Amino acid sequence: MKQQMKRCAAALAAALCVAATGCGKQQVEIKPADAVQQLKESVTFTDQMTDMDSAGTCRFYDVGTDLVQDSAACVGSGATAESLAVFEAADTDAAQHIADALQTFTDSWIKGYSDYKPEEVPKLESAVLEQDGVYVVFCVTADNAAAKTAVQDLLNP
């Protein structure tokens, strides 16, 4: 009986371990400023990009600072729609709210660029918006397909 209880306890411990790690997938830890620099080096931008700190990033994308642990971004001059942002949310619910805010941002920019520079609209329509746990990455570049690969590599090393 004791042996059976030990096996049951070991099986329960193993099951809890797997559940705690999300069925074996470990959450990657990302520093937003480092991630922005890494992505800037691996994706193509045609505009002059300017780095932003966490407060500036939240203001630019209209994301509530109460949702964010940390964030960083680089944005274009406005002559293009290009931008890149990485957010570390307070929790997964906050990450979903950030992703929703970024979708609203994108929709608004599509409307604005439709009149201003319609050639930028396809970049916005294919913008990369990925959420993984507490991390949200948003990217609008000259090559969003390559950016999507780079973002997925960042989130799933």
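Bear in mind that the values here come from a model prediction, so they are computed numbers and not experimental data. (Residues numbered from 1 in each chain as written. Predicted model: local features only at pLDDT ≥ 70, side-chain atom pairs only at ≥ 80, totals over all residues. Heavy atoms only, no water.)

Participant: Any chance you could explain the overall build of the chain here in plain terms?
Facilitator: Scanning the chain from terminus to terminus reveals 6 helices and 5 strands. Along the chain, helices (α) and strands (β) appear in the sequence α-α-β-α-β-β-α-α-β-β-α when read from the amino end. Burial statistics for the chain: of 157 residues in total, 39% are counted as buried. In the chain, 61% of the contacts between residues at least 6 apart in sequence involve partners at least 24 apart. (Helix = DSSP H or I, 4+ residues; strand = E, 2+ residues; numbered from the N terminus. Buried < 20%, exposed > 50% of the residue type's maximum accessible area, 1.4 Å probe, protein only. Contact = heavy atoms within 4.5 Å.)

Participant: What's the story with unusual backbone geometry in this structure? I'm lost.
Facilitator: Peptide bonds are trans in most cases, and residues, glycine excluded, mostly fall at negative phi. A positive phi angle, close to 55°, is found at Asp62, a residue other than glycine. For Asp62, the position within the fold is in the loop between α3 (54-61) and β2 (68-75).

Participant: Could you clarify how one ought to interpret the packing of helix α2 (residues 32-42) against helix α6 (residues 144-155) in this entry?
Facilitator: A pair of packed helices can be characterised by two numbers: the angle between their axes and the separation between those axes. α6 packs onto α2 with a crossing angle of 145° between their chain directions and a minimal axis gap of 10 Å. Handedness of the α2/α6 crossing: right-handed. Each of Ala35, Gln38, Leu39 and Ser42 in α2 lies in contact with α6, whose residues at this interface are Ala150, Val151 and Leu154. Tallied by class, residues from the contact of α2 with α6 come to 5 nonpolar, 2 polar and no charged. (Axes fitted to C-alpha atoms, helices over the stretch in contact; angles between N-to-C directions. Left-handed = near helix turned anticlockwise from the far one by under 90°. Nonpolar A, V, L, I, M, F, W, Y, C, P; charged D, E, K, R; others polar.)

Participant: Explanation requested: the pairing of strand β5 (residues 135-140) in the structure shown.
Facilitator: In summary, the side chains of a regular strand alternate between the two faces of the sheet. Among the 6 residues of β5, 6 are classified as buried, and the element is accordingly described as predominantly covered. Of the two faces of β5, both are covered, the one formed by Tyr135, Val137 and Cys139 as well as the one formed by Val136, Phe138 and Val140. Examined bridge by bridge, strand β3 (residues 83-89) and β5 share 6 bridges and lie antiparallel to one another. Across the sheet, Glu88 pairs through a bridge with Tyr135, a residue of β5. The loop that links strand β4 (residues 128-132) with its antiparallel partner β5 comprises 2 residues; one of these, Gly133, has a positive phi angle of about 65°. (Pairing = 2+ DSSP bridges.)

Participant: What should I look at first to understand the nonpolar core in this one?
Facilitator: Side chains that are nonpolar tend, in soluble globular proteins, to be buried together. Residues Ile30, Leu39, Tyr61, Phe87 and Ile98 are the most contacted members of the largest nonpolar core, which totals 46 residues. For this core, the elements supplying multiple residues, two or more each, are α2, α3, β2, β3, α4 (92-116), α5 (121-125), β5 and α6. With 8 residues, the top contributor of residues to this core is α4. Ignoring any residue separated from it by four or fewer positions in sequence, one finds Ile30 in contact with Ala35, Val86, Glu88, Tyr135, Leu154 and Leu155. (Core = buried A, V, L, I, M, F, W, Y, C linked by side-chain atoms within 4.5 Å.)

Participant: What exactly am I supposed to notice about the sheet that holds β4 here?
Facilitator: Strand pairs in the sheet, formed through backbone hydrogen bonds, run parallel or antiparallel to each other. Strand order in the open sheet formed by 5 strands is β1-β2-β3-β5-β4, and the pairing between neighbours is antiparallel. Two strands lie at the open edges of the sheet, namely β1 (50-52) and β4, each paired on one side alone. Across this sheet, the average inter-strand angle for adjacent strands is 10°, counted without regard to direction. As paired elements, β1 and β2 share 3 bridges and run antiparallel to each other. Across the sheet, Asp51 pairs through a bridge with Cys74, a residue of β2. Of the strands in this sheet, β4 and β5 are in contact with α6, which crosses β4 at around 15°.

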